Amino acid sequence: DAGVTQSPTHLIKTRGQQVTLRCSPKSGHDTVSWYQQALGQGPQFIFQYYEEEERQRGNFPDRFSGHQFPNYSSELNVNALLLGDSALYLCASSLFGATAAQHFGDGTRLSIL
Amino acid sequence: TQLLEQSPQFLSIQEGENLTVYCNSSSVFSSLQWYRQEPGEGPVLLVTVVTGGEVKKLKRLTFQFGDARKDSSLHITAAQPGDTGLYLCAGGVYTGNQFYFGTGTSLTVIP
């Protein structure tokens, strides 16, 4: 049973570019959440998708957008990249619900030059 | 803004010692989860607690959810080098399906 998979594992971009990160949820899960984790800190919630709609959003600018597909996989898009966007981007899948356990992928390490 | 504050932020102990990590908030959570994260990997779920006052044990790890559902603790007995990692608590809120992570506790167990 495959867990949460993310691609790519590493990515290097320059300021002003845009990037798309991908996530496949754990089998049986219908909800995907995205987090940004700076070095040495806890993950910060970006947004969550359920039934192909954005259900919750954290305190991130509109440069951060996403999508969920009918097969529950998801993409995170970031436009006009800034140096401060350098971080580990984590995807977590779960069943919808505030008590549902989240399962994380190993993340995409994004570096902005 | 971190809704959940963890303490201590860093902890370095000798193998065999006991330790407790705290996760505190002024907000009420519907559930509280604990994760361990190792470098280069995503967080791995250790436990979920949902009932105020609930205590769960996972081998040498004991987790407790506060009666008011605002805080939690993780106690490790006889720590081992394999326990080394970043410990994160995360609270789920009633009004949405959003989880707030704590600031993290970096644990190093020295052989």
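Cut-off values and rules
- Residues numbered from 1 in each chain as written.
- Chains lettered and ligands numbered in written order.
- Predicted model: local features only at pLDDT ≥ 70, side-chain atom pairs only at ≥ 80, totals over all residues.
- Heavy atoms only, no water.
- Phe/Tyr/Trp six-rings, centres within 6.5 Å; stacked < 30°, edge-to-face > 60°.
- Buried < 20%, exposed > 50% of the residue type's maximum accessible area, 1.4 Å probe, protein only.
- Helix = DSSP H or I, 4+ residues; strand = E, 2+ residues; numbered from the N terminus.
- Salt bridge = Lys/Arg side-chain N within 4 Å of Asp/Glu carboxyl O.
- Pairing = 2+ DSSP bridges.
- Axes fitted to C-alpha atoms, helices over the stretch in contact; angles between N-to-C directions.
- Contact = heavy atoms within 4.5 Å.
- Buried area = accessible area lost by both parts, 1.4 Å probe.
- Polar contact = N/O pair within 3.5 Å; in protein donor to acceptor, adjacent residues only side chain to side chain.

A. Broad picture of the packing of aromatic side chains. For the structure shown, the criterion picks out 9 aromatic pairs over all chains. Where F60 of chain A meets F64 of chain A, the ring centres are 5.1 Å apart and the plane angle is 70°; that geometry is what we call edge-to-face. F64 of chain A shares its class with F60 of chain A; the two are buried. For the pair F104 of chain A and Y35 of chain B, a centre-to-centre distance of 5.4 Å together with 90° between the ring planes defines the contact as edge-to-face. Highlighted residues: F104 of chain A in strand β10 (residues 103-104) and Y35 of chain B in strand β4 (residues 31-37), drawn from two different chains. Taking the relative accessible area as the measure of exposure, F104 of chain A reaches 11% and is therefore buried. Using a relative accessible area of 0% as the deciding quantity, one classes Y35 of chain B as buried. An aromatic cluster of three or more residues is present, and its members are Y35, F45 and F104 of chain A together with Y35 and F101 of chain B.

B. Summary view of the pattern of salt bridges. Under the counting rule described, the total for this entry stands at 6 salt bridges over all chains. For R57 of chain A, the salt bridge goes to E54 of chain A, with nearest N and O atoms at 3.1 Å. For K56 of chain B, the salt bridge goes to E54 of chain B, with nearest N and O atoms at 3.8 Å. Overall, the relative accessible area of 32% leaves K56 of chain B in the partly exposed class.

C. Up close: the sheet that holds strand β3 (residues 19-24) of chain A. All names here are of chain A. Reading across from one edge, β1-β3-β8-β7 is the order of the 4 strands in this open sheet, with antiparallel pairing throughout. Every other strand in the sheet has two partners, leaving β1 (5-7) and β7 (64-68) as the edge strands with one partner each. The average undirected angle you get between the axes of adjacent strands in this sheet is 20°. Inspection of the sheet shows β1 paired to β3 by 3 bridges, in the antiparallel sense. When the bridges of β3 are listed, S7 appears paired with R22.

D. Here's a closer look at the environment of L76 of chain A. Residues and elements named next belong to chain A. Tracing the chain through its elements places L76 in strand β8 (residues 74-78). Placed 33 residues apart in sequence, L76 and R109 show a C-alpha to C-alpha distance of 13 Å. If sequence neighbours within four positions are ignored, L76 has contacts with V19, T20, L21, W34, I46, F47, F64, S65, G66 and Y89.

E. A look at the interface of chain B and chain A. Contacts between the two partners involve 26 residues from chain B, matched on the other side by 25 residues from chain A. Of the roughly 1,800 Å² buried at the junction of chain B and chain A (both faces included), carbon and sulfur atoms supply 48%. Applying the counting criterion to the chain B and chain A interface returns 0 salt bridges. Along the contact surface separating chain B from chain A lie 3 residue pairs in polar contact (both at pLDDT 80 or more). Within the residue set of the side of chain B that touches chain A, elements represented by two or more residues are β4, β5 (44-49), β9 (85-92) and β10 (99-101) of chain B. Broken down by element, the side of chain B that touches chain A gets its largest block of residues, 4 residues, from β4 of chain B.

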